[in-house]
Amino acid sequence: MSLFWGRGVRAALDLLLPPTCAACGTEVMTEGAFCPDCFQTAQRIVSPSCHRCGVPLENEGLGGSESCCAACQVHPPAWRSARAAFVYDAWSRRLILPLKYSDHTENAAVLAHHMAAAAPDLLMHATVVVPVPLYRTRLWKRRYNQAALMAQHVGARAKVPCMLDALQRVRATRALARLSAAEREQEMERAVRVRDRCCHHIEGQAVLLIDDVLTTGSTAAACANALMRAGARSVDILVAARTGRVDEQNPRFIQE
Ligand SMILES: [Zn+2]
Ligand SMILES: [Zn+2]
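Residues numbered from 1 in each chain as written. Chains lettered and ligands numbered in written order. Predicted model: local features only at pLDDT ≥ 70, side-chain atom pairs only at ≥ 80, totals over all residues. Heavy atoms only, no water.

**Observations concerning the coordination of the zinc ion (ligand 1)**
At 2.3 to 2.4 Å from the zinc ion (ligand 1) lie its protein donor atoms, namely Cys21 (SG), Cys24 (SG), Cys35 (SG) and Cys38 (SG). With four donor atoms in place around the zinc ion (ligand 1) and angles of 102 to 119 degrees between them, the coordination shape is tetrahedral. Mapped onto the sequence, the donors of the zinc ion (ligand 1) take the spacing C-x2-C-x10-C-x2-C. Of this pair, cysteine 24 sits in the loop between α1 (2-16) and α2 (36-41) while cysteine 35 sits in the loop between α1 and α2, and the two are 11 residues apart along the sequence. Residue cysteine 24 is classed as partly exposed on the basis of its relative accessible area, which comes to 32%. (Donors = N, O, S within 2.8 Å, 3.2 Å for Na, K, Ca; no water. Tetrahedral: all angles 85-135°; square planar, octahedral: opposite > 155°, others 65-115°. Helix = DSSP H or I, 4+ residues; strand = E, 2+ residues; numbered from the N terminus. Buried < 20%, exposed > 50% of the residue type's maximum accessible area, 1.4 Å probe, protein only.)

Structural data, given as structure tokens:
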């Protein structure tokens, strides 16, 4: 009820007040636009970036003709291609954390706009959009899945259908960022699956998987593996932001 009330009040105020920058609250001319300061501060991930995991490459030569970072060449990820709109830093957290924890669901549309702009090729390729699922206790607590909100906006932009409940977390998992690569894989193993009734809808599809942040890559890999096991033709990943620092011990993954 409080969420409904909060959203209702915010929607009413939005009609009365001028639009504001989603990241800092400064008044702007256009709904959904960033203020000039934020426009400059935003670290968009642009080419060159690794086409497999989306990590920014320092120069074009580093990825070779395949535009693939050294880590992905050694351990190719479970998915075909991953892309992020922004580097996950103090600035992008100002958009993402309120979406996840403070009911600022309107940020989903802003982020989806930039995600779609960062990945026109992935949108063209996709035949279905699927969000990374939340475990049910977390969903009850938060009352919405931020990845599902972004998936709906991305799907609408791409004119591609969404399957919001295709994936299911069948057990709660520990925080992954502090675990080793092997521990993460073990933790996520069988934690995600395609719902039985959705399997035949996934078969043969080019899935675009949506999440807010790509950090260790373990959750995205578990989702991609589950979708591929269900017969997906391909799985691409599109996220709002990704961490940019390669973890020395586990070069396959990127640490927060
Ligand atoms: Zn701003
Ligand atoms: Zn890579």
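**As for helix α5 (residues 107-118)**
Quick reminder: α-helices carry 3.6 residues per turn. Residues three or four places apart thus point the same way. The end-to-end C-alpha separation of α5 is 17 Å, in line with the 16 Å expected for 12 residues at 1.5 Å each. Among all positions in α5, only Asn107, Ala108, Val110, Leu111, Ala112, His114, Met115 and Ala116 are buried. Packing partners of the buried residues in α5 comprise β1 (81-87), α4 (90-101), α6 (120-125), α8 (146-158), β5 (206-214) and β6 (234-242). (Expected span 1.5 Å × (residues − 1). Contact = heavy atoms within 4.5 Å.)

**Comments concerning the coordination of the zinc ion (ligand 2)**
Protein coordination at the zinc ion (ligand 2) comes from Cys50 (SG), Cys53 (SG), Cys69 (SG) and Cys72 (SG), with a distance range of 2.3 Å. Relative to the metal, the four donor atoms surrounding the zinc ion (ligand 2) lie at angles of 104 to 115 degrees, and the coordination shape comes out tetrahedral. All donor residues of the zinc ion (ligand 2) come from one chain, and their arrangement in sequence is C-x2-C-x15-C-x2-C. Remark: cysteine 72 occurs in helix α3 (residues 70-74) and cysteine 50 occurs in the loop between α2 and α3; sequence separation between them is 22 residues.

**Some details on the nonpolar core**
Nonpolar side chains tend toward joint burial in soluble globular proteins. Of all hydrophobic cores here, the largest spans 37 residues; its most connected members are Leu111, Met115, Leu208 and Ile210. Those elements giving two or more residues to this core turn out to be β1, α4, α5, α6, α8, β5 and β6. Per-element tally for this core: the top contributor is α5, with six residues. Both domains that meet at this core, namely domain 1 (1-41) and domain 2 (44-242), each give it at least three residues. Residues contacting methionine 115, with those up to four places away along its chain left out, are Ala85, Met150, Val154, Ile210, Asp211, Leu238, Val239 and Ala240. Core analysis: the next-biggest nonpolar cluster, separate from the first, contains 34 residues, Trp79, Val87, Val194 and Leu227 among them. (Core = buried A, V, L, I, M, F, W, Y, C linked by side-chain atoms within 4.5 Å. Domains from an automatic or database assignment.)

**Digging into α8**
The end-to-end C-alpha distance of α8 is 18 Å, a good match for the 18 Å that 13 residues give at a rise of 1.5 Å each. Of the residues making up α8, those classed as buried are Gln146, Ala147, Ala148, Leu149, Met150, Ala151, Val154 and Gly155. The backbone nitrogen of alanine 147 has a side-chain oxygen 2.9 Å away, supplied by the residue at the start of α8, namely asparagine 145. Lysine 159 sits one or two residues past α8 and shows a positive phi near 55 degrees. (Polar contact = N/O pair within 3.5 Å; in protein donor to acceptor, adjacent residues only side chain to side chain.)

**A few points about the packing of aromatic side chains**
Applying the stated criterion across every chain yields a total of three aromatic pairs. For the ring pair phenylalanine 34 and phenylalanine 86, a centre distance of 6.4 Å and an interplane angle of 65 degrees mean the geometry is edge-to-face. In this pair, phenylalanine 34 sits in the loop between α1 and α2 while phenylalanine 86 sits in strand β1, placing the two residues 52 residues apart along the sequence. Residue classification places phenylalanine 34 among the buried positions, given a relative accessible area of 10%. The buried category is assigned to phenylalanine 86, whose relative accessible area is 0%. Their ring planes at 85 degrees and their centres at 5.1 Å tell us that phenylalanine 34 and tryptophan 91 sit as a pair that is edge-to-face. Of this pair, phenylalanine 34 sits in the loop between α1 and α2 while tryptophan 91 is found in helix α4, placing the two residues 57 residues apart along the sequence. For the pair phenylalanine 34 and tryptophan 91, a shared accessibility class is recorded, and that class is buried. Among the aromatic residues, those joined into a ring-pair cluster are Phe34, Phe86 and Trp91. Sitting over the ring of phenylalanine 39, arginine 44 keeps its end group 4.6 Å from the ring centre. For arginine 93, the ring lying beneath its charged end belongs to tyrosine 88, and the centroid distance is 5.0 Å. (Phe/Tyr/Trp six-rings, centres within 6.5 Å; stacked < 30°, edge-to-face > 60°. Lys NZ or Arg CZ within 6 Å of the ring centre and 35° of its normal.)

**Comments concerning the pairing of β1**
Buried residues dominate β1, accounting for seven of its seven residues. In the sheet, β1 pairs with β6 via six bridges, with the strands oriented parallel. Counterpart to valine 87 in the pairing with β6 is arginine 242. (Pairing = 2+ DSSP bridges.)

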